[in-house]
Amino acid sequence: MAASKDNVDHLPIYKLDPKLEEFKDHFSYRMKRYLDQKCSIEKNEGSLEEFSKGYLKYGINTNKDGTVYREWAPAAQEAQLIGDFNDWNGANHQMEKDQFGVWSIKIDHVKGKPAIPHNSRVKFRFRHGAVWADRIPAWIHYAAVDASKFGAPYDGVHWDPPASERYMFKHPRPSKPDAPRIYEAHVGMSGEKPAVSTYREFADNVLPRIRANNYNTVQLMAVMEHSYYASFGYHVTNFFAVSSRSGTPEDLKYLVDKAHSLGLRVLMDVVHSHASNNVTDGLNGYDVGQSTQESYFHTGDRGYHKLWDSRLFNYANWEVLRFLLSNLRYWMDEFMFDGFRFDGVTSMLYHHHGINVGFTGNYKEYFSLDTDVDAVVYMMLANHLMHKILPEATVVAEDVSGMPVLCRPVDEGGVGFDYRLAMAIPDRWIDYLKNKEDSEWSMGEIAHTLTNRRYTEKCIAYAESHDQSIVGDKTIAFLLMDKEMYTGMSDLQPASPTIDRGIALQKMIHFITMALGGDGYLNFMGNEFGHPEWIDFPREGNNWSYDKCRRQWSLVDTDHLRYKYMDAFDQAMNALDEEFFFLSSPKQIVSDMNEEKKVIVFERGDLVFVFNFHPKKTYDGYKVGCDLPGKYRVALDSDAFVFGGHGRVGHDVDHFTSPEGVPGVPETNFNNRPNSFKVLSPPRTCVAYYRVDEEAETTGAGKTSPEIIDVDATPLKTPTATTEAHEERESTEDVSSKKGRQFGRQSSDKSTK
């Protein structure tokens, strides 16, 4: 049902969650505000789509008659365009101001060529009172700095290459997947060398790795220009400009097109929650003499984020809406991005920005005077626009508060995001790894954290992102193995107990997070193979070193190092979803959370998962509940040799189900499941089982089983004496066959790096 002013009191969200009706006044108010704003834009600008094409009108644009420059600066009393083209003297290039505070100038071509050459420096000069200020144009498409001069200011660069130098896209956007498997990446730190890597290097060297590991989506950080590299791209100075450290706009287009050629969709990390506090090279410098009605930002405390040291947008301002909506449209139209990950959504949703606020889940925390309705309306407009321009767009919200209906369509009364990041999951893992012994891990608590999400609102699950890798923290692998990663990762020597535990839990944590934690999955660049150490950008505190601002791909490429095992398992995890589509399945049933045995059993889609977190005990004949009767086999086994395991689970074993209880009476069944089968479950392992289509297997019709790779070519590894010594075996019922240990699952798409 499309929302209209006539039905704002009868929104579909109330049927999904009747508890929301208590806050009907809030939802009616914000929906009316959204509809009023949308209607006003349509009346005055023609349509929301036309409104979002601001980048074709504002900034510097060249047409057949000349070059036109427009800039919104209502408080300015005089304005000029200056640059290389006029020797930085604007006396002959005075601009005119209209009734809405927009300054403009048209400069005729010189001898048939644009007066402002491509790749030449430009700035906007304006006066308020006796103060003259030079600023980079707000809509500039490129900004650069003289790297040879320490502390040199950024300059705006007019980017308008001739047709022969423009990158032309060759490949269409890939179709939207049933579930995104996202590879979060930072181009600048993606190279092996301690230096800033380029868009083309990333496209040629890293994208094939991502595709080989069966991801279907790349999420790029730090694309928008930011003068301070160590801000990780989150203190944006130039919203329409490609970060010049890694190349030009044409280079970024090459990257996106290359990703599309590999079947990878590309999301951009967009920062509309705040802007850099920098004055000379960012939007903040436009505030000279302006009130909040004449500014991109609120004035006073409301316009400043105390923790981030950054400026906060005034989302009620007409020109701010034009600027931000056009910003999204620009990246989608000009660079063919397939969607966005919105940073800092919690800060946008509330006037308190989430600072020193703990969210308990009480609905009054979400829908009150603390809610920033202006920001909510902007996000509703943005999501409506993006999905209208590109129906298959993927838009993800970074929100820690868990606001209800954030991920429901705008017409239903929601904010319109497709997914939110499940931010509580990595916090749980960090707490366990830092503060709890293995024996203290609660299976119920783990399962609750992974499944605690709102019905009908999709989440992207992740065990660790860039947040868990930056300086001051550690990756999961580094938390597990720490200094032994420097000495114990050689496969030419037996694994120590620390390394054995670390690799096993690294695989288990990532797999259970993927399988149970959400409707999509995210991994940060390098964590798939347990990249050691932290990320530390060059800054004064480390003598401007790039040593930890890179990715050591040689670790996973070196055959005798154990990083290859975690990488192979990551590849197989993604391949499993490619084959069985369990991430997109609404069927998710946790049937067993055994605190004593440290076992979690659940069904997701057509697969049955068995996780044994016990550090020592093997369970022979462990009884596993399931839905459908029949024959089950191993689909993925973390203990396979190919993943650095000990090969204790038989892959040629058929597991036949037995009926449980009275049909149709769940309480009489085994763990409320109508059928069961028995498995061998070694300590610190996870195994996924699939149900064999016996009819297809008999007739040979259709795909009946996942591909398995015979790893006999690899020298078989036996458990070390240390491992054998601390492993105990507990027989529960029947002993499962232990044949076929030389087999391991791997992707059927075995494209190599």
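Quick caveat, the model's predicted, so the values are computed rather than measured.

On the basis of which strands lie adjacent, the open sheet formed by three strands has the order β15-β17-β16 and antiparallel pairing. Bordering the open sheet on either side are β15 (275-276) and β16 (304-305), each of which pairs with just one other strand.

Taken as a whole, this structure holds 61 aromatic pairs when the rule is applied. Relative to W331, the ring of Y330 lies with its centre 5.2 Å away and its plane at 70 degrees, an arrangement referred to as edge-to-face. Taking the relative accessible area as the measure of exposure, W331 reaches 0% and is therefore buried. Note on F478 and W534: the rings are 6.3 Å apart at their centroids and 50 degrees apart in plane angle, and the pair reads as tilted. With F478 in helix α11 (residues 476-481) and W534 in the loop between β22 (520-524) and α13 (553-557), this pair connects stretches of sequence that are 56 residues apart. Residue class for F478 comes out buried when judged on its relative accessible area of 4%. Here the guanidinium or amino end of K24 rests over the ring plane of Y14, the centre of that ring lying 5.2 Å away. Sitting over the ring of F478, K474 keeps its end group 5.5 Å from the ring centre.

Take the environment of G621 next. Within the fold, G621 resides in strand β26 (residues 617-626). Note: C-alpha distance between G621 and W441 (180 residues apart in sequence) is 23 Å.

With respect to the helices and strands, the residue N317 is situated in the loop between β17 (310-311) and α6 (318-335). For N317, a relative accessible area of 8% translates into the label buried. For N317, the side chain forms a polar contact with the main-chain nitrogen of E319, separated by 2.9 Å.

Turning next to the environment of I41. As for its placement among the helices and strands, I41 is situated in helix α2 (residues 24-45). Taking the C-alpha atoms as reference points, I41 and L433, 392 residues apart in sequence, are found 51 Å from one another. The residues contacting I41, other than those within four sequence positions of it, are G46, S47, L48, F51, W318 and L381.

Here we come to unusual backbone geometry. For K111, which is not glycine, the phi dihedral falls at a positive 55 degrees. Along the chain, K111 turns up in the loop between β5 (102-108) and β6 (120-128). A positive phi angle, near 50 degrees, is found at N671, a position not held by glycine. For N671, the position within the fold is in the loop between β29 (658-659) and β30 (675-681).

Moving on to the environment of T668. Tracing the backbone through its elements, the reader meets T668 in the loop between β29 and β30. On the basis of relative accessible area, T668 is assigned to the partly exposed category, the value being 36%. Separated by 103 residues in the primary sequence, T668 and Y565 have C-alpha atoms spaced 42 Å apart. Ignoring anything within four residues of it in the chain, the contact list for T668 reads G661 and V662. Polar side-chain contacts of T668 include one of 2.7 Å to the backbone oxygen of V665.

The subject of this paragraph is the pattern of salt bridges. In the structure shown here, the tally under the stated rule is 52 salt bridges. One salt bridge in this structure joins R166 and D160, with 2.5 Å as the shortest N-O distance. Exposure remark for D160: the relative accessible area of 22% places this residue in the partly exposed category. Each of D17, D399, R420, R454 and E457 takes part in one network of salt bridges that share partners.

Calculation rules
Residues numbered from 1 in each chain as written. Predicted model: local features only at pLDDT ≥ 70, side-chain atom pairs only at ≥ 80, totals over all residues. Heavy atoms only, no water. Pairing = 2+ DSSP bridges. Helix = DSSP H or I, 4+ residues; strand = E, 2+ residues; numbered from the N terminus. Phe/Tyr/Trp six-rings, centres within 6.5 Å; stacked < 30°, edge-to-face > 60°. Buried < 20%, exposed > 50% of the residue type's maximum accessible area, 1.4 Å probe, protein only. Lys NZ or Arg CZ within 6 Å of the ring centre and 35° of its normal. Polar contact = N/O pair within 3.5 Å; in protein donor to acceptor, adjacent residues only side chain to side chain. Contact = heavy atoms within 4.5 Å. Salt bridge = Lys/Arg side-chain N within 4 Å of Asp/Glu carboxyl O.

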